[in-house]
Number of protein chains: 2
Amino acid sequence: MHSSAEENYLKAIYKLQEANGELVATSALAQLLGIHMASVTDMLKKMSTKKLVAYQKSKGFKLTEKGRLAAIGIIRKHRLWEVFLVDKLGFRWDEVHDIAEQLEHIHSQDLIDKLDAYLDFPKTDPHGDPIPDAKGVFAISKSVLLAALSPGSQGKFTGVTDHSSAFLNYLDKIGLSLGDTVKVKEVEAFDKNYTLLLKGKKSVVVSFKVANSLLISE
Amino acid sequence: MHSSAEENYLKAIYKLQEANGELVATSALAQLLGIHMASVTDMLKKMSTKKLVAYQKSKGFKLTEKGRLAAIGIIRKHRLWEVFLVDKLGFRWDEVHDIAEQLEHIHSQDLIDKLDAYLDFPKTDPHGDPIPDAKGVFAISKSVLLAALSPGSQGKFTGVTDHSSAFLNYLDKIGLSLGDTVKVKEVEAFDKNYTLLLKGKKSVVVSFKVANSLLISE
DNA sequence: CCGTAATATTAGGCTTGCCTAATTATTATT
DNA sequence: AATAATAATTAGGCAAGCCTAATATTACGG
């Protein structure tokens, strides 16, 4: 089994690969994990020996298929636990990340399978992020950033790209929840503020930063 | 917060103190934890500095009040998670120990409070062991070993002192479950075998070893 | 009360995963 | 292409928790 440290590297590498394409840089990973580059180099050499990453000195690295599957397994656990925390224990969506960060390192395939069944095989976590199935397959769902929509178009709010408490609390405050229909009424050219119509009634004005953190589907 | 290793020491020391009275020996702890004595001495010095144990060189040691409360907190988490695993996820009582052993090290007071409420504040875990409340208080319940009963007496089966899979499976096999009424019909002087009447109907013969691992109340 | 067995501690080492400082590669700039 | 800036690696260390081997302490039988 992999150590918690290794699992955190796997998750982080996966995330960077998803975001920036193929090769991941030592510096990017160090920044994301909040540790120094030398430590990353250290660990990558070890993970390379274990065939979790393909590592080319001074060039960059990427997950092997083995590493990719391991990473997806951890993401699956993290997101299932988040669903549990919110749906069953009554946590708010902005409170669950740190706890799930610990729970994702519990080692038991049986546990995660039973948890999945208990939660009725959820497809997304409380932030709208997709949950891979037991085989590591994500249900494909094409979404776009709200900031990419032009005035007049609309869709359903299905996810966020910013998972911070501050951002999630802000959404609660303006009354925007996952699943809500959102229409772009107007985009102010000057400051890029977006005027949105929520659920066909409430009108709110949000910054580009916010519009660029909301995922819209359909 | 304490490390997982420290928490395992705390739990083990607590257990030994409960079983054998006051001072705990280095060797006993080493054996229980499956590590070497030198390692125990190492760790105890550190835990002593942290005021978790009162440590007298070459004499023995015991938990401080701070250590005792920490130990009880871990036991509480372990047992609540066991209830969750059995009652909610459908694990059998002989399968949950190792998973709970991991889950007990998750750090979040909020989590454990919410879990407790979700499980409806259970008083005992799936093996009949008492669960301390949020203040660290155990509901007192006086039970005796079945091996201490004389023929003719009876009571309710409320706990085990052997938590091994092998033993628990054996109880399943002979059809003995927590809460069942058990009557001692006969004790064979020669080999100390116990003839029991389960739930007023089924009669079974068990060894002294088994009788000495069953807790009876009322 | 003395020697031996049993217990406990000290000393020195190892692995994991991190650190700082120094060095080497790579990339960008003029 | 030479130099400067940025990125990456190497070298040497440290704390946590474990180990083995050596030493010290306590307990016990005669």
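Description of the structure in this document. Owing to the predicted nature of the structure, the values given are computational and were not obtained by experimental measurement.

On to the protein's contact with DNA strand D, then. What surrounds DNA strand D is a group of 20 residues, the closest being S27 and Y55 of chain A together with S3, H36 and S39 of chain B. Taking the atoms of DNA strand D that fall within 4 Å of the protein, sugar and phosphate contribute 69% of them. Within the side chain of K45 of chain A, an N or O atom sits 2.9 Å from a phosphate oxygen of DNA strand D. One nitrogen or oxygen atom from the side chain of K57 of chain A is found 2.9 Å from a phosphate oxygen belonging to DNA strand D. Breaking the surface near DNA strand D down by element, the ones donating at least two residues are α2 (26–33) and α3 (37–49) of chain A together with α1 (4–20) and α3 (37–49) of chain B. At five residues, the largest contribution of residues to the surface near DNA strand D is made by α3 of chain B. Partitioned by chemical class, the residues of the surface near DNA strand D number nine nonpolar, seven polar and four charged.

A complete count under the given rule lists eight aromatic pairs over all chains for this structure. Judged by centre distance (6.3 Å) and plane angle (80°), the rings of Y118 of chain A and F84 of chain B are edge-to-face. Taken as a pair, Y118 of chain A in helix α6 (residues 109–118) and F84 of chain B in helix α4 (residues 65–88) lie in two separate chains rather than in one. F84 of chain B sits in the buried class, given a relative accessible area of 0%. Through pairs of rings, three or more aromatic residues link up here, namely W81, F84 and Y118 of chain A together with W81, F84 and Y118 of chain B. We note K114 of chain B situated over the ring of F91 of chain A; from NZ or CZ to the ring centre the distance is 4.5 Å.

DNA strand C sits among 20 residues. The nearest are S3, H36 and S39 of chain A together with S27 and Y55 of chain B. The contact in question runs from a phosphate oxygen of DNA strand C to an N or O atom on the backbone of H36 of chain A, over 2.9 Å. In this structure, a phosphate oxygen belonging to DNA strand C sits 2.7 Å away from a side-chain N or O atom of S39 of chain A. Every element with two or more residues in the surface near DNA strand C is listed here: α1 (4–20) and α3 of chain A together with α2 (26–33) and α3 of chain B. When residues of the surface near DNA strand C are assigned to their parent elements, the largest contribution, five residues, is made by α3 of chain A. Here the residues of the surface near DNA strand C sort into nine nonpolar, seven polar and four charged.

Attention now moves to the relation of the copies chain A and chain B. The operation relating chain A to chain B is a screw motion whose rotation component is 180°, with 0.0 Å of axial translation and a residual RMSD of 0.1 Å. The transformation relating the two chain copies, once decomposed into turn and shift, fits a two-fold axis. Minimal C-alpha distance to the rotation axis in chain A is attained by L103 of chain A, lying at 3.8 Å. Take the interface residues of chain A: 100% of them recur as interface residues in chain B, which is what a same-surface contact looks like.

The next point concerns the sheet that holds strand β6 (residues 194–198) of chain A. Two strands in a sheet stick together by hydrogen bonds in their backbones, pointing the same way (parallel) or opposite ways (antiparallel). Residue and element names in this part refer to chain A. If you trace the six strands from one edge of the open sheet to the other, you get β3-β8-β4-β5-β6-β7, paired in antiparallel fashion. Looking at strand neighbours, the two that pair on one side only are β3 (143–145) and β7 (202–206), the edges of this open sheet. On average, adjacent strands in this sheet sit at an angle of 45° to one another, irrespective of strand direction. In terms of strand pairing, strand β4 (residues 154–160) meets strand β5 (residues 181–187) through three bridges, oriented antiparallel. Directly across from Q154, in β5, lies its bridge partner K183. Where helix α7 (residues 165–174) meets the sheet, it contacts β4, β6, β7 and β8 (214–217), and its direction lies at approximately 150° from that of β7.

Here the focus is the pattern of salt bridges. Under the criterion given, the structure shown has 22 salt bridges over all chains. Between K114 of chain B and D110 of chain B there is a salt bridge, and its shortest N-O distance comes to 3.2 Å. Of the two residues, K114 of chain B and D110 of chain B both sit in helix α6 (residues 109–118), four residues apart, roughly one turn of that helix. For D110 of chain B, a relative accessible area of 34% corresponds to the partly exposed category. What emerges from the salt-bridge pattern is a single network uniting K11, E101 and E104 of chain A.

Residue and element names in this part refer to chain A. Secondary-structure assignment places A166 in helix α7. The class for A166 is exposed, based on a relative accessible area of 59%. Note: C-alpha distance between A166 and D94 (72 residues apart in sequence) is 8.1 Å.

So, about unusual backbone geometry. Most peptide bonds adopt trans geometry, and most residues besides glycine take a negative phi value. Residues and elements named next belong to chain A. With a phi close to 60°, K192 is a non-glycine residue in the positive phi region. Tracing the backbone through its elements, the reader meets K192 in the loop between β5 and β6. Residue classification places K192 among the partly exposed positions, given a relative accessible area of 44%. Phi is positive for E218, close to 80°, though the residue is something other than glycine. Along the chain, E218 turns up in the segment after β8.

Each value, and the rule that gives it
- Residues numbered from 1 in each chain as written.
- Chains lettered and ligands numbered in written order.
- Predicted model: local features only at pLDDT ≥ 70, side-chain atom pairs only at ≥ 80, totals over all residues.
- Heavy atoms only, no water.
- Near = heavy atom within 4 Å.
- Polar contact = N/O pair within 3.5 Å; in protein donor to acceptor, adjacent residues only side chain to side chain.
- Helix = DSSP H or I, 4+ residues; strand = E, 2+ residues; numbered from the N terminus.
- Nonpolar A, V, L, I, M, F, W, Y, C, P; charged D, E, K, R; others polar.
- Phe/Tyr/Trp six-rings, centres within 6.5 Å; stacked < 30°, edge-to-face > 60°.
- Buried < 20%, exposed > 50% of the residue type's maximum accessible area, 1.4 Å probe, protein only.
- Lys NZ or Arg CZ within 6 Å of the ring centre and 35° of its normal.
- Least-squares fit on C-alpha atoms with pLDDT ≥ 70 in both.
- Contact = heavy atoms within 4.5 Å.
- Pairing = 2+ DSSP bridges.
- Axes fitted to C-alpha atoms, helices over the stretch in contact; angles between N-to-C directions.
- Salt bridge = Lys/Arg side-chain N within 4 Å of Asp/Glu carboxyl O.

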